[in-house]
Amino acid sequence: MPILQLIEPEIKDLGGFVARRSLPYPNRQMVGPFIFFDQLGPSHLPAGQGIDVRPHPHINLATVTYLFEGALMHRDSLGTVQEIRPGAVNWMTAGSGIVHSERSPDADRHNEATIHGIQTWVALPAEHEETAPWFTHYPAETMPTWEENGVTVKLIAGRMSGYTSPVKVFSSIIYLDIVLSANAQFTIPADYSERAVYGVTPGLSVDGEPLEPYRLAILEPGEVVLASSSSARCVVIGGEPLGPRYKWWNFVSSRPERIAQAKADWRNGHFAAVPGETEFIPLPETVTEANPYFP
């Protein structure tokens, strides 16, 4: 069987829109360096409403935002203000610590809108966990994109088929957006030891095994063939494992004491503020997400 594990995501109400969270999951903390995987929406936003994810902190990881529909405005404690729209990539390396917010752009709040995309977190190798924080926006037209046999592939991060994404990464990683026309096939090579396919739409199969939409299929090693019975879309994530990580709320680290310090820093207001923002998400008393490596 090509599918080692099939993950049905947990539904999260994030205030105005729905997220489907596949990672972390019981008995599956990571896929390669990916430690968090949310599908945002698709959610309808009525005129006059929008998304408002208030400022919150991160450490020792990178966040990756990629949209299929809609727009978000990113602001962070470095002073960055950057809108993202479909096909572009926002990569934020938290490193030693960063605070950011994500909101609907003001211009988009006047009309009905849809938000749909993928939000992932990538753990950093231990030697890079305390790197200085930085943010880079990669426009859609800079991402390697090619077509083969009725399949359009966009390389969000990593290397494949002679292409290299411009996205700066810290470890071996693969991240693809794949759109298949009806009755098309695409082979996922065996280049990375850990890989997973997420079905964004119906109509997909993995080596002949149907893949329901909104499911994350952890793949066995070796080549795997994706096929479509109708036009379909999926994303592929993976890479080489970094070893277990501790995760608590928005904090990820190879060291539990570092997470304890981050909790104290956020509680006591020691993180840098996001310019122009007055709100923030308080430190929660408890968290309930699956995290088998945190005591």
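This is a predicted model, so every value here is computed, not measured.

### As for the overall build of the protein chain
Each helix and strand counted, the protein chain has one helix and 25 strands in total. Over its C-alpha atoms the protein chain spans a radius of gyration of 18 Å, differing by no more than 12% from the 19 Å that the globule rule assigns to 295 residues. Principal axes of the C-alpha set define a box for the protein chain whose edges measure 55 × 45 × 35 Å. Per element, the accessible surface of the protein chain, about 12,300 Å² overall, is 49% carbon and sulfur. If the 21 positive side-chain charges of the protein chain are averaged to one point and the 33 negative ones to another, these points end up 5 Å apart.

### As for the sheet that holds strand S11 (residues 113–123)
Here we have seven strands laid out as an open sheet, ordered S2-S3-S4-S11-S6-S9-S12, and antiparallel in their pairing. Either end of the sheet is taken by a strand with one partner, and the two such strands are strand S2 (10–13) and strand S12 (134–138). If you compare each strand with its neighbour and ignore which way they point, the axes differ by 20° on average. Bridge count between strand S9 (residues 89–93) and S12: five bridges; the pairing is antiparallel. Along S12, the bridge assignment pairs Trp91 with Thr136.

### Let's talk about the pattern of salt bridges
Two side chains with opposite charge may pair up if their charged atoms get near one another. Across all of its chains, the model carries 15 salt bridges by this definition. The salt bridge partner of Arg245 is Glu129, with a shortest N-O separation of 3.4 Å. Pair noted here: Arg245 is in the loop between strand S23 (232–239) and strand S24 (246–248) and Glu129 is in the loop between S11 and S12, with a separation of 116 residues, a long-range link. The exposure classification of Arg245 matches that of Glu129, with both residues buried. One salt bridge in this structure joins Arg255 and Glu129, with 3.3 Å as the shortest N-O distance. Note that Arg255 is positioned in the loop between strand S25 (251–253) and helix H1 (256–267) and Glu129 in the loop between S11 and S12, a separation of 126 residues in sequence.

### So, the nonpolar core
Core analysis: the largest hydrophobic core is formed by 30 residues, its most contacted members being Val89, Trp91, Tyr175 and Ile237. If sequence neighbours within four positions are ignored, Tyr175 has contacts with Phe34, Val64, Tyr66, Ile118, Thr120, Lys154, Leu155, Ile156, Ala157, Val235, Val236 and Ile237. Membership of the second largest hydrophobic core comes to 25 residues, among which are Leu176, Val197, Val206 and Leu219.

### Considering the environment of Thr286
Looking at the element boundaries, Thr286 is found in the segment after H1. Take Thr286: its relative accessible area is 61%, and that puts it in the exposed class. Separated by 62 residues in the primary sequence, Thr286 and Val224 have C-alpha atoms spaced 40 Å apart.

### Concerning the environment of Asn60
Within the secondary structure, Asn60 sits in the loop between strand S5 (52–58) and strand S6 (61–69). For Asn60, a relative accessible area of 0% gives the class buried. Residues Asn60 and Pro125, 65 residues apart in the sequence, show an inter-C-alpha distance of 8.7 Å. Within the structure, Asn60 has its side chain in polar contact with the side chain of Ser253 (distance 2.8 Å).

### Description of the packing of aromatic side chains
This structure, assessed with the given rule, holds 10 aromatic pairs. Aromatic pair Tyr66 and Phe68: ring centres 5.9 Å apart, planes at 85°, arrangement edge-to-face. Among the residues examined, Phe68 registers a relative accessible area of 10% and is labelled buried. Aromatic pair Trp146 and Tyr163: ring centres 4.2 Å apart, planes at 5°, arrangement stacked. Separated by 17 residues along the polypeptide, Trp146 in strand S13 (residues 145–148) and Tyr163 in strand S15 (residues 163–164) bring together distant segments of the chain. On the basis of relative accessible area, Trp146 is assigned to the buried category, the value being 7%.

### Concerning unusual backbone geometry
Residues Leu23 and Pro24 are joined by a peptide bond in cis, for which omega reads -5°. Mapped onto the elements, Pro24 comes out in the loop between strand S3 (18–23) and strand S4 (34–45). Here the residue pair Gly41 and Pro42 is connected by a cis peptide bond, since its omega of 5° sits within 30 degrees of zero. In this structure, Pro42 sits in strand S4. In the Ramachandran plot, Asn60 falls in the positive-phi region, its phi being about 60° despite a non-glycine side chain. Even without being a glycine, Ser161 presents a positive backbone phi close to 50°. As for its placement among the helices and strands, Ser161 is situated in the loop between strand S14 (151–160) and S15.

### Some points on the sheet that holds S5
Taken together, four strands build an open sheet; the order of strands is S5-S10-S7-S8 and the sheet is antiparallel. Strand pairing shows two members of the sheet lacking a second neighbour, S5 and strand S8 (81–84), which therefore form its edges. With direction set aside, neighbouring strand axes in the sheet form an average angle of 20°. Pairing between strand S7 (residues 72–76) and S8: four bridges, direction antiparallel. In the strand pairing of S8, Met73 is matched with Glu83.

What counts and how
Residues numbered from 1 in each chain as written. Predicted model: local features only at pLDDT ≥ 70, side-chain atom pairs only at ≥ 80, totals over all residues. Heavy atoms only, no water. Helix = DSSP H or I, 4+ residues; strand = E, 2+ residues; numbered from the N terminus. Rg over C-alpha atoms; globule rule 2.2 N^0.38 Å. Areas by Shrake-Rupley, 256 points an atom, 1.4 Å probe, with all protein chains shown as cover. Lys, Arg positive; Asp, Glu negative; His and termini not counted. Charge placed at Lys NZ, Arg CZ, Asp CG, Glu CD. Pairing = 2+ DSSP bridges. Axes fitted to C-alpha atoms, helices over the stretch in contact; angles between N-to-C directions. Salt bridge = Lys/Arg side-chain N within 4 Å of Asp/Glu carboxyl O. Buried < 20%, exposed > 50% of the residue type's maximum accessible area, 1.4 Å probe, protein only. Core = buried A, V, L, I, M, F, W, Y, C linked by side-chain atoms within 4.5 Å. Contact = heavy atoms within 4.5 Å. Polar contact = N/O pair within 3.5 Å; in protein donor to acceptor, adjacent residues only side chain to side chain. Phe/Tyr/Trp six-rings, centres within 6.5 Å; stacked < 30°, edge-to-face > 60°.

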